[in-house]
Amino acid sequence: MLGCKAVTESYTLAKKAQKILEGYGIKSQIKRTSNTKLEGCGFMLLANEDCTSVSDILVGHGIPYKRLENLRGYQG
């Protein structure tokens, strides 16, 4: 199954995104990102949906994200 990792700047944004996705029947979980040069500190939302759909929903609801990455074989 294809999943999506959406990196956000804060727990609050990740939680808002999770609630919005839940309204579309998309399950997700929130995890803290490690402090890397690419992402910095923040939180990631792991969703059981492809990133195209996740992006469309988040953008449509005004939820910003730093980066999206499709995850092959995701079992959320």
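Calculation criteria
- Residues numbered from 1 in each chain as written.
- Predicted model: local features only at pLDDT ≥ 70, side-chain atom pairs only at ≥ 80, totals over all residues.
- Heavy atoms only, no water.
- Helix = DSSP H or I, 4+ residues; strand = E, 2+ residues; numbered from the N terminus.
- Contact = heavy atoms within 4.5 Å.
- Core = buried A, V, L, I, M, F, W, Y, C linked by side-chain atoms within 4.5 Å.
- Buried < 20%, exposed > 50% of the residue type's maximum accessible area, 1.4 Å probe, protein only.
- Salt bridge = Lys/Arg side-chain N within 4 Å of Asp/Glu carboxyl O.

So, the environment of Asp50
- By secondary structure assignment, the location of Asp50 is in the loop between β3 (43–47) and α2 (51–60).
- Here the alpha-carbon distance between Asp50 and Met1, two residues 49 residues apart in the chain, equals 8.9 Å.

Side note on the environment of Lys31
- With respect to the helices, strands and loops of the structure, Lys31 is situated in strand β2 (residues 28–32).
- On a C-alpha basis, the gap between Lys31 and Leu45 in space is 6.5 Å, while along the polypeptide they are 14 residues apart.
- With residues up to four places along the chain from it excluded, the contact list for Lys31 reads Phe43, Met44 and Leu46.

Structural notes on the nonpolar core
- In this structure, Cys4, Ala6, Ala17, Leu21, Ile26, Leu45, Ala47, Cys51, Val54, Ile57, Leu58 and Ile63 together form the largest nonpolar core, which totals 12 residues.
- With 4 residues, α2 is the single largest residue contributor to this core.
- Those residues within four positions of Ile63 in sequence are excluded, and the remaining contacts are Leu13, Lys16, Ala17, Ile20 and Leu58.
- Met44, Leu46, Leu71 and Tyr74 belong to the second-largest nonpolar core, a separate cluster that totals 5 residues.

Points about the pattern of salt bridges
- Taken as a whole and judged by the stated rule, the model has 2 salt bridges.
- For the salt bridge of Glu69 with Lys5, the shortest nitrogen-to-oxygen distance reads 3.6 Å. Taken together, the residues Glu69 in strand β4 (residues 67–72) and Lys5 in strand β1 (residues 2–8) connect sequence positions 64 residues apart.
- Residue classification places Glu69 among the partly exposed residues on the basis of a relative accessible area of 30%.
- Overall, the relative accessible area of 15% leaves Lys5 in the buried class.
- With a closest N to O distance of 3.0 Å, Glu69 and Arg67 form a salt bridge.
- When salt bridges that share partners are traced, they join Lys5, Arg67 and Glu69 into one network.

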